[in-house]
Amino acid sequence: PWNPEKLLSNLNTLLRLKRTETKLARYHAILQSPGFSATGSDAEYQFQSPSMQRILEAVDKIAPTEANILITGAHGTGKEVIARKIHALSLRKQEVFLPVDLGAIPDTLVESELFGYSKGSFTGAFQDKPGRFEMAAGGTLFLDEVGNISLASQARLLTVLESRKVQRIGSNRSITADIRLVCATNALLEKMIEEKSFRADLYYRINTINIHLPPLCKRQEDIPGLSHFFLERFRAKYKKPNLDFSVKAMQKLKMHPWPGNIRELKHTI
């Protein structure tokens, strides 16, 4: 017999279950994604140099906005650290910060990683897979080495950023891309635009605000603090609580040119 109240109750129960399943699938995908960390990584760095202090003052101002940010600088200068600081000070700080290293993803897989795919859309697609735009919903999506993606992937990325909607490969359904975008690169994008290997319209879309990080050799005041930061971490990891720097060792650290920047310093410690 027809019972509209019971029908509506059953439909609402099924809808709640479906939403819960979708959330759980998204969180599982986030936890399994390369580069994701539930901790703040190295976002606790304390920078002392005048150049980094100016950058941190700028971060304080721009973090609460929704502006797209492009962070530039050489390898190992701390681009992801600054991106995490932007997220931590943003209105989205309670949501996920999801980094994507585009330089580590083969070009043939970039679109499926960013936008996801539907079951059966190609050989090997045995189940639905959400893309990074879906996984980062409500939070911050950090695209590292954005200069590495092909022109074809750049075109689709531009379409998503302009429409704020994403479609999984093999699907006709649009999903709202509610993310804060932060990109980073060590490439000279302006030169790439001249060489026709990077789209100018995408550059202006991701580069609402630019933050350029100087190399470590240009900010020696940061070396002692960073050295002690890493030493404290590794003292605990390797159970050697009595290790410290001699005056001579610290002088040597400050005089080294550090071509690999903070990453090289970390591995040296």
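Anything mentioned here points back to the structure above.
Before going into details, it helps to say that this report is about the structure given with it. (Residues numbered from 1 in each chain as written. Predicted model: local features only at pLDDT ≥ 70, side-chain atom pairs only at ≥ 80, totals over all residues. Heavy atoms only, no water.)

### Some words on unusual backbone geometry
Threshold: Secondary structure follows DSSP: runs of H or I at least 4 residues long count as helices, runs of E at least 2 residues long count as strands, and numbering of each begins at the N terminus.
The backbone of Glu-145 shows a phi angle near 55°, a positive value even though the residue is not glycine. By the element assignment, Glu-145 lies in the loop between strand 5 (140-144) and helix 6 (151-163). At Lys-196, a residue that is not glycine, the phi angle is positive and equals roughly 65°. By the element assignment, Lys-196 lies in the loop between helix 7 (189-194) and helix 8 (200-206).

### Details of the packing of aromatic side chains
Heads up, the condition is: When two rings of Phe, Tyr or Trp (its six-membered ring) have centres within 6.5 Å they constitute a pair, described as stacked for plane angles under 30 degrees, edge-to-face for angles over 60, and tilted for the intermediate range.
Under the defined criterion, the tally for this structure stands at 5 aromatic pairs. Relative to Phe-142, the ring of Phe-97 has its centre 5.9 Å away and its plane inclined at 25°; by these criteria the two rings are stacked. Taken together, the residues span a long stretch of sequence, with Phe-97 in strand 2 (residues 97-101) and Phe-142 in strand 5 at a distance of 45 residues. With a centroid separation of 5.3 Å and an interplanar angle of 70°, the aromatic rings of Tyr-203 and Tyr-204 are classed as edge-to-face.

### Section: the packing of helix 9 (residues 222-237) against helix 10 (residues 247-255)
Note the following rule: Each axis is a line fitted through C-alpha atoms, taken for helices only over the stretch in contact, and angles between the N-to-C directions span 0 to 180 degrees. When an angle is under 35 degrees it counts as roughly parallel; over 145 it counts as roughly antiparallel; between 65 and 115 it counts as roughly perpendicular; any other value is oblique. Each helix crossing is assigned a hand: it is left-handed if the near helix lies turned anticlockwise from the far helix by less than a right angle, otherwise right-handed if that turn is clockwise. Any pair of residues with heavy atoms lying within 4.5 Å of one another is described as a contacting pair. Here the nonpolar group is Ala, Val, Leu, Ile, Met, Phe, Trp, Tyr, Cys and Pro; Asp, Glu, Lys and Arg are the charged ones; every other residue, Gly included, is treated as polar.
For the pair helix 9 and helix 10, interaxial distance at closest approach is 9 Å and the crossing angle is 120°. The angle between helix 9 and helix 10 falls in the class oblique. Between helix 9 and helix 10 lies a crossing of right-handed hand. Taken together, the residues of helix 10 that come into contact with helix 9 (itself represented by Ile-223, Pro-224, Ser-227 and His-228) are Met-250, Leu-253 and Lys-254. Considered class by class, the residues forming the contact of helix 9 with helix 10 number 4 nonpolar, 2 polar and 1 charged.

### Some remarks on the nonpolar core
Counted only if it meets this: The set of buried Ala, Val, Leu, Ile, Met, Phe, Trp, Tyr and Cys residues whose side-chain atoms join them within 4.5 Å is what this entry labels a nonpolar core. For every residue, the accessible area (1.4 Å probe, protein chains only) is compared with the maximum for its type, and the residue is labelled buried under 20%, exposed over 50%, or partly exposed between those bounds.
Counting residues in each nonpolar core, the largest one holds 33 residues, and the members touching the most others are Leu-102, Phe-133, Leu-141, Leu-143 and Ile-206. When contributions to this core are tallied by element, the ones reaching two or more residues are strand 2, helix 4 (110-115), helix 5 (132-135), strand 5, helix 6, strand 8 (180-185), helix 7 and helix 8. The element contributing the most residues to this core is helix 6, with 4 residues. One finds Ile-55, Leu-56, Ile-71 and Val-182 within the second-largest nonpolar core, a separate group that totals 31 residues.

### Considering helix 6
Since the α-helix advances by 3.6 residues per turn, residues separated by three or four positions end up pointing in the same direction. Counted only if it meets this: Each helix should span, by expectation, one fewer than its residue count multiplied by 1.5 Å. This arc describes the spread of directions from the helix axis toward the C-beta atoms.
Here helix 6 contains 13 residues, and its C-alpha end-to-end distance of 18 Å stays within 8% of the 18 Å for a straight helix at 1.5 Å per residue. Within the span of helix 6, buried status applies to Ser-153, Gln-154, Leu-157, Leu-158, Val-160 and Leu-161. Along the long axis of helix 6, the arc covered by the buried residues comes to 165°, so they all point the same way. Those residues of helix 6 that are buried are in contact with helix 4, helix 5, strand 5, strand 6 (165-167), strand 8 and helix 8. Downstream of helix 6 by one or two residues, Arg-164 has phi in the positive range, about 60°.

### Here's the deal with the packing of helix 2 (residues 50-62) against helix 3 (residues 79-88)
Packing of helix 2 against helix 3 brings their axes to within 10 Å, and their N-to-C directions diverge by 35°. The two elements helix 2 and helix 3 cross, and the hand of that crossing is right-handed. On helix 3, the residues touching Met-52, Ile-55, Leu-56 and Val-59 of helix 2 are Ile-82, Lys-85 and Ile-86.

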